[in-house]
Amino acid sequence: MARDVLRAVRERDAYANLVLPALLREQGLSGRDAAFATELAYGACRALGVLDAVIAECAGRRIDEIDGPLLDVLRLGVYQLLRTRVGSHAAVDTSVDLARVEFGSGRAGFVNAVLRRAAARTAEQWVEELAPQDPVGHSAFEHGHPVWIAQAFADALGARAAELPELLAADDARPIVHLVARPGDITAEELALVSGGEEGRWSPYAVYLDGGDPARLEAVREGMAAVQDEGSQLVVLSLTRAPLLGPDNGRWLDLCAGPGGKTALLGALAEIDGCRIDAVEPAEHRAELVRKATRGLPVAVHVMDGRAGELAPGYDRILVDAPCTGLGALRRRPESRWRRTPADVRELTVLQRELLGAAWELLRPGGVVVYSTCSPHLPETVGVVGDLVRRTDAEQLDTRELLPGVTDTGDGPGAQLWPHRHGTDAMFMAALRKPL
């Protein structure tokens, strides 16, 4: 099963976190078997850079000179050798047997030779032999990240860049599941009791699950709860807590709503406060996801480009959860770190600035817009916000004050969350108010 996931990721650019759950349900795997398949599939995707470096060294050839299906088997074999407690003989033998069945004895011999060379050193010894010598490059290799992403994290950490190894290690670990209790339907305390989870530290609606399939929980099936990172919940809360100038007329906007997780939480809070939300999503299939997530809530979904100027200005609160590189959620999307490139950043920052600018035009005087990204990369965060501040009379609120009890979110005025500090995705958020 893990091999099937790696093949889908390699051949179809599939997302492991979408492929694997479907395969688990299809094949009826649960318990320890499902946990092991999950660890192999997600772990191998996360550690791809290390695995490929070891394979190339042991095979004496470049990775692109090895047939893809055979490479999948080698990656799983090396992952078991270096990053699991599976015995070396078992890891080698199962990989060789798989290769023999699929490719014949000749290629099985090649797999056997590569894996036996890989097994001759520990993971630590391979890191010392193959990792770059500079601190950032060394940490990036050890914890399975491209160097450019590790450098972006170090830049965002600023004066606390010494935390980079700890951050990368947290980013390389499998995260626990976060649930959100829908306000008005169920409390976090009640959700923790019925799910066997634990109430979250930062959001009053968060619950942590150590394992299991959240889709099987009755509260999730009935729409009273959903899977949502606690950092995403805090983004929504920062918008609802931001102080306006003048009364809140209850006209809110989610300018980048798909797939609808933040919109659903915002909609539940809006319903309690007697407010209404316009939710914008340009892709019809993602707009349908927003409709499903917000069914029964005071949310109107509009299939349009948020930059098109088709909405009437005058919103009190606007959320711009902008499309981004997703570097802050790499632990939940294990293959993404190897797909993203610096060129993606350049393209996305143009879109991000345009969306934030469009939101500013739609905001009423005295209203607040919260800009957020699931990325800590400075050009996507303070760079985009700083551009708007330079071009307008925007007043930057201290976003940290909108997150009471949440510690260590940076020097302000924006707030930056981190996996190693907060146990969340690396969400960035900044609150901007338009003067009267």
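Please refer to the structure placed before this passage.
So, here is what we can say about the structure in this document. Computed from a predicted model, the values in this text were never measured in an experiment. (Residues numbered from 1 in each chain as written. Predicted model: local features only at pLDDT ≥ 70, side-chain atom pairs only at ≥ 80, totals over all residues. Heavy atoms only, no water.)

**Comments concerning unusual backbone geometry**
Argument step 1. Residues Gly-258 and Pro-259 are joined by a peptide bond in cis, for which omega reads 0°.
Argument step 2. One can find Pro-259 in the loop between strand S5 (251–254) and helix H15 (261–273).
Argument step 3. Of note, the amide linkage connecting Gly-412 to Pro-413 takes the cis form, showing an omega dihedral of -5°.
Argument step 4. A positive phi angle, near 55°, is found at Asp-13, a position not held by glycine.
Argument step 5. Under the relative-accessibility criterion, Asp-13 is labelled exposed at 53%. (Helix = DSSP H or I, 4+ residues; strand = E, 2+ residues; numbered from the N terminus. Buried < 20%, exposed > 50% of the residue type's maximum accessible area, 1.4 Å probe, protein only.)

**Quick look at the packing of helix H4 (residues 48–59) against helix H5 (residues 68–83)**
Argument step 1. Interhelical geometry of H4 versus H5 gives an angle of 105° and a closest axis separation of 9 Å. Put simply, H4 runs roughly perpendicular to H5. Across the interface between the two elements, Leu-48, Val-50, Leu-51, Asp-52, Val-54 and Ile-55 of H4 pack against Leu-71, Leu-74, Arg-75, Val-78, Tyr-79, Leu-82 and Arg-83 of H5.
Argument step 2. A per-class count over the contact of H4 with H5 returns ten nonpolar, no polar and three charged. (Axes fitted to C-alpha atoms, helices over the stretch in contact; angles between N-to-C directions. Parallel < 35°, antiparallel > 145°, perpendicular 65-115°, else oblique. Contact = heavy atoms within 4.5 Å. Nonpolar A, V, L, I, M, F, W, Y, C, P; charged D, E, K, R; others polar.)

**Some points on the pattern of salt bridges**
Argument step 1. Within this structure, the stated rule accounts for 35 salt bridges.
Argument step 2. In this structure, the salt-bridge partner of Glu-288 is Arg-291, at a minimum N-O distance of 2.9 Å. Pair noted here: Glu-288 and Arg-291 are both in helix H16 (residues 284–293), with a separation of three residues, about one helical turn.
Argument step 3. With a shortest N-O distance of 3.5 Å, Arg-353 and Asp-387 are connected by a salt bridge. (Salt bridge = Lys/Arg side-chain N within 4 Å of Asp/Glu carboxyl O.)

**Quick word on the side chain of Asp-321**
Argument step 1. In this structure, Asp-321 sits in strand S8 (residues 315–321).
Argument step 2. Only 3.0 Å separates the side chain of Asp-321 from the side chain of Lys-262, close enough to count as a polar contact.
Argument step 3. Within the local environment of Asp-321, its side chain forms a polar contact with the side chain of Ser-372, the two groups lying 2.8 Å apart.
Argument step 4. In contact with Asp-321, not counting residues within four places along its chain, are Cys-256, Lys-262, Ser-372, Thr-373 and Met-427. (Polar contact = N/O pair within 3.5 Å; in protein donor to acceptor, adjacent residues only side chain to side chain.)

**Some thoughts on a negative patch on the surface**
Argument step 1. On the surface, Glu-189, Glu-190, Glu-198, Glu-199 and Asp-210 cluster together to form a negatively charged patch.
Argument step 2. Take Glu-199: it is sitting in strand S2 (residues 198–199). (Patch = residues over 30% accessible without salt bridge, like charges linked within 9 Å, V, L, I, M, F, W, Y side chains within 5 Å. Areas by Shrake-Rupley, 256 points an atom, 1.4 Å probe, with all protein chains shown as cover. Lys, Arg positive; Asp, Glu negative; His and termini not counted. Charge placed at Lys NZ, Arg CZ, Asp CG, Glu CD.)

**Details of the packing of aromatic side chains**
Argument step 1. Tallied over the entire structure, the rule returns one aromatic pair.
Argument step 2. Taken together, a centroid distance of 6.4 Å and an interplanar angle of 80° make the contact between Phe-153 and Trp-418 edge-to-face. Remark: Trp-418 occurs in the loop between strand S11 (415–416) and helix H19 (419–422) and Phe-153 occurs in helix H10 (residues 147–157); sequence separation between them is 265 residues. When sorted by exposure, Phe-153 lands in the same class as Trp-418, which is buried.
Argument step 3. In this structure, Arg-121 is placed above the aromatic ring of Trp-126, and the distance from its NZ or CZ to the ring centre is 4.8 Å. (Phe/Tyr/Trp six-rings, centres within 6.5 Å; stacked < 30°, edge-to-face > 60°. Lys NZ or Arg CZ within 6 Å of the ring centre and 35° of its normal.)

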